[in-house]
Amino acid sequence: MQVKIGIFLCDCGGSLRNIDFPKIRGNLEKLEGVAFVDISHNLCLEEGGKALASRILSEDINRVVIAACSPELCEHNFMRLLESLRLNPNFLSIANIREQCSWAHKEDVTGKALELLRMAINKARLLQPLERKEVPVNQEVLVVGGGFSGMESTLELSQLGLRATLVEKGSALGGKLSELEGFYGLGASPKEMLGSMTRAIEEGKNIEVLTSAEVTRVEGEVGNFTVRIRRGGEEFPRSFGAIIFATGYRAGILPRDFELRPSVNIISQRNLIEILQAPEKLERKPETIGFILDVSDESSRLATLLVLNNALAVKEKWGSEAYVFCRNLKVDSDGAEKLYREARATGIAFLKFEKKPQISEEDGRVKVEAKDVLLGEEISLSCDILVVEEKGLPPEGTEALSSILNIGLDSQGFYQNENVYLYPVDSGRKGIFLVGACRGDLDISRASMDVASAVMGVCELLASGKAIVEAEKVRVDPDKCRACLTCIRVCPHGAIRLVRVNTEKEVAQIYDLACEGCGICAAICPAKAIDFEGYTDEQILAEVEAIGE
């Protein structure tokens, strides 16, 4: 078949001003096999897509080259568009002229953009079609963790018709919600929220709840995970198509920064909540209460919300004078700014420090000394009670589970997501999602956003009961494979396994649905037994040859 290439240049709404698009069009129109070169302002929008589709059909082209933004942002949409036009989606080549060109330089970059496009064109000439096939998937979902995020995930999956199994390590559902009476001050109280969610789960038709249970092993790939669950001394296997981890967080102990042991007068936020729930524990109501933030963690949303809610609570219930010592009060959570203004309006004082406050005990009270940077004066405050912050820490067992799942941890010990901006709830393995505080410091509103994203991802994978994959986009040549296991060790997505092809030989096999097409296996294979369509040696060399033409 003769190669006939259509080229679409997008100037991103006229924002790529350091590229001369008419000049590029004039150069490319002279190349062999190029049917046309169009300039667009909005290829990613609906009208741009319609114009692109109309042009492809009218010119009957069989290769498409697009110069636009990063393929990470637009490739999937363009491939779906080509598929709807009955053109093999693998006949698409993208040149990133925004992030890798225009945005990377201040001066005119027309020459660089032209080279990137020539490389994409040379690659397009050698692209081969890929067969698409259907793969059956298990529609049951495992949710690990019975706190707010886990319960909400289970309910949303059930409402969408997917069967969900909720596994909770404790003896009852609720997690931190059961401990946070009067915590957030946003919407319904945690107790009311927990009650309504528990009733909904008990009445759910597609929901199974396993309390006092934990996950001990995970094998397989997206669409067909085999999970071993331990409950009551018994361990049994179950099959799931996807897994959502919502294991929450645990509150840290009193930070060592204070160099004082916890006492009757120095307590944690959690201790204060317990006292607020059972005030009879107090011999007398405290007249002055101090709160300290930003000593162990300057960016904790949860700690800030705790302080604001608890300061308002002691003001309302006991009429105590409340003082908050902080470096930078983080109020970017949903409703937190309103909560802060309410606290100021009720007379709660906020004192901003740079150097860590000095704390000592004096005459049965706690003395806090700090320099207020706004007043420029040294402040000395004697408190009946000093409430220090708690740091959100990864839940117990996180490291063991990450090893079982082959998922990395971040510098704080939380689960590492795939991409904090583009794929915040995706783990490194397709079909395994991370929601809520198990992936970092998140408040309830952000946890709800996590749940919505994860449930949408699960539905996209499992709702139809089958998945469409590109067969052998990455393939192993069994004659070259030496079963050295290098590819299996380095694959971050768990998409490669060892299979027996005859009675004498085992070779690596790529599981198409789990493969994310990162290319690490093809690059590192010492026997060069793995081919990656779209990045073959011939195609890469053709791109290199286009440089400097």
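Every value quoted in this text rests on a predicted model; they were computed, and no experiment measured them.

Just to check I follow, could you spell out the domain arrangement of the protein for this structure?
Size of an interface: often given as the accessible area lost when the parts come together. Looking at the assigned domains, one finds that the protein contains domain 1 (5-130), domain 2 (141-249 + 394-466), domain 3 (255-389) and domain 4 (472-532). The distance between the C-alpha centroids of domain 1 and domain 4 comes to 32 Å.

Mind showing me how you'd approach the packing of helix α5 (residues 148-159) against helix α11 (residues 444-462) here?
In a pair of packed helices, the angle between the axes and the distance between the axes together describe the arrangement. Following both chains from N to C, one finds α5 and α11 inclined at 40 degrees, their axes separated by 9 Å at the closest point. Like other packed secondary-structure pairs, α5 and α11 cross with a definite hand, here right-handed. From α5, Phe148, Ser149, Glu152, Ser153, Glu156 and Leu157 reach across to α11, where they touch Ile444, Ala447, Ser448, Val451, Ala452, Val455 and Val458. Grouping the constituent residues of the contact of α5 with α11 by class yields eight nonpolar, three polar and two charged.

Help me out: how do you make sense of the side chain of Ser427 in this one?
Structurally, Ser427 is set in the loop between α10 (398-405) and β23 (432-434). The buried category is assigned to Ser427, whose relative accessible area is 3%. Side-chain polar atoms of Ser427 contact the backbone oxygen of Arg429, separated by 3.0 Å. At a separation of 2.7 Å, a polar atom in the side chain of Ser427 contacts the main-chain carbonyl oxygen of Ile432. In this structure Ser427 touches Ile407, Gln416, Glu418, Ile432 and Leu434, once residues within four positions along its chain are discounted.

Honestly, the packing of aromatic side chains in this entry has me stumped. Any pointers?
Where two aromatic rings form a pair, the distance of their centres and the angle of their planes describe that pair. For the structure on display, the rule yields four aromatic pairs. Considering the side-chain rings of Phe8 and Phe36, the 5.3 Å spacing of their centres and the 80 degrees angle between planes classify their relative orientation as edge-to-face. With Phe8 in strand β1 (residues 5-10) and Phe36 in strand β2 (residues 34-40), the pair connects residues that are 28 residues apart, well separated along the chain. For Phe8, a relative accessible area of 3% gives the class buried. Overall, the relative accessible area of 5% leaves Phe36 in the buried class. Ring plane angle 35 degrees and centroid distance 4.9 Å describe the contact between Phe532 and Tyr535, whose orientation is recorded as tilted. The lysine or arginine in question, Arg55, covers the ring of Phe36, its NZ or CZ lying 4.1 Å from the ring centre.

Hey, could you run me through the pattern of salt bridges in this one?
Opposite charge on two side chains allows them to pair when their charged atoms are near. Tallying each qualifying case throughout the model produces 24 salt bridges. One salt bridge in this structure joins Asp384 and Arg365, with 3.2 Å as the shortest N-O distance. With a gap of 19 residues between them, Asp384 in the loop between β20 (377-383) and β21 (385-388) and Arg365 in strand β19 (residues 365-372) connect regions that are remote in the sequence. Of the residues examined, Arg365 reaches a relative accessible area of 27% and is grouped as partly exposed. Of the charged contacts in the structure, one is a salt bridge between Lys367 and Glu369, with a shortest N-O distance of 3.9 Å. Of the residues examined, Lys367 reaches a relative accessible area of 19% and is grouped as buried. Residue class for Glu369 comes out partly exposed when judged on its relative accessible area of 35%. What you see here is one network of salt bridges that share partners, running through Glu140, Arg163, Glu208 and Arg238.

Would you take a moment to explain unusual backbone geometry for this structure?
Peptide bonds are, in most cases, trans, and in most cases residues other than glycine have a negative phi. Of note, the phi angle at Asp60 is positive, near 55 degrees, even though the residue is not glycine. Position of Asp60 among the secondary structure elements: in the loop between α2 (46-59) and β3 (63-68). Positive phi, close to 75 degrees, is recorded for Leu485, a residue that is not glycine. By secondary structure assignment, the location of Leu485 is in the loop between β25 (474-476) and α12 (486-490). A residue is classified by how much of its surface remains accessible, and Leu485, at 33% relative accessible area, is partly exposed.

Sorry if this is basic, but what is going on with a negative patch on the surface here?
On the surface, Glu72, Glu75, Glu418 and Glu516 cluster together to form a negatively charged patch. Residue Glu516 is classed as partly exposed on the basis of its relative accessible area of 41%.

What's the story with the pairing of strand β26 (residues 496-500) in this structure? I'm lost.
Regular strands place side chains that alternate from one sheet face to the opposite one. As defined by bridge partners, β26 adjoins strand β27 (residues 506-510) across five bridges and the pair is classed as antiparallel. Across the sheet, Arg497 pairs through a bridge with Gln509, a residue of β27. Turn length for the β26-β27 hairpin, with the two strands adjacent in sequence and antiparallel, is five residues.

What counts and how
- Residues numbered from 1 in each chain as written.
- Predicted model: local features only at pLDDT ≥ 70, side-chain atom pairs only at ≥ 80, totals over all residues.
- Heavy atoms only, no water.
- Domains from an automatic or database assignment.
- Axes fitted to C-alpha atoms, helices over the stretch in contact; angles between N-to-C directions.
- Helix = DSSP H or I, 4+ residues; strand = E, 2+ residues; numbered from the N terminus.
- Left-handed = near helix turned anticlockwise from the far one by under 90°.
- Contact = heavy atoms within 4.5 Å.
- Nonpolar A, V, L, I, M, F, W, Y, C, P; charged D, E, K, R; others polar.
- Buried < 20%, exposed > 50% of the residue type's maximum accessible area, 1.4 Å probe, protein only.
- Polar contact = N/O pair within 3.5 Å; in protein donor to acceptor, adjacent residues only side chain to side chain.
- Phe/Tyr/Trp six-rings, centres within 6.5 Å; stacked < 30°, edge-to-face > 60°.
- Lys NZ or Arg CZ within 6 Å of the ring centre and 35° of its normal.
- Salt bridge = Lys/Arg side-chain N within 4 Å of Asp/Glu carboxyl O.
- Patch = residues over 30% accessible without salt bridge, like charges linked within 9 Å, V, L, I, M, F, W, Y side chains within 5 Å.
- Areas by Shrake-Rupley, 256 points an atom, 1.4 Å probe, with all protein chains shown as cover.
- Lys, Arg positive; Asp, Glu negative; His and termini not counted.
- Charge placed at Lys NZ, Arg CZ, Asp CG, Glu CD.
- Pairing = 2+ DSSP bridges.

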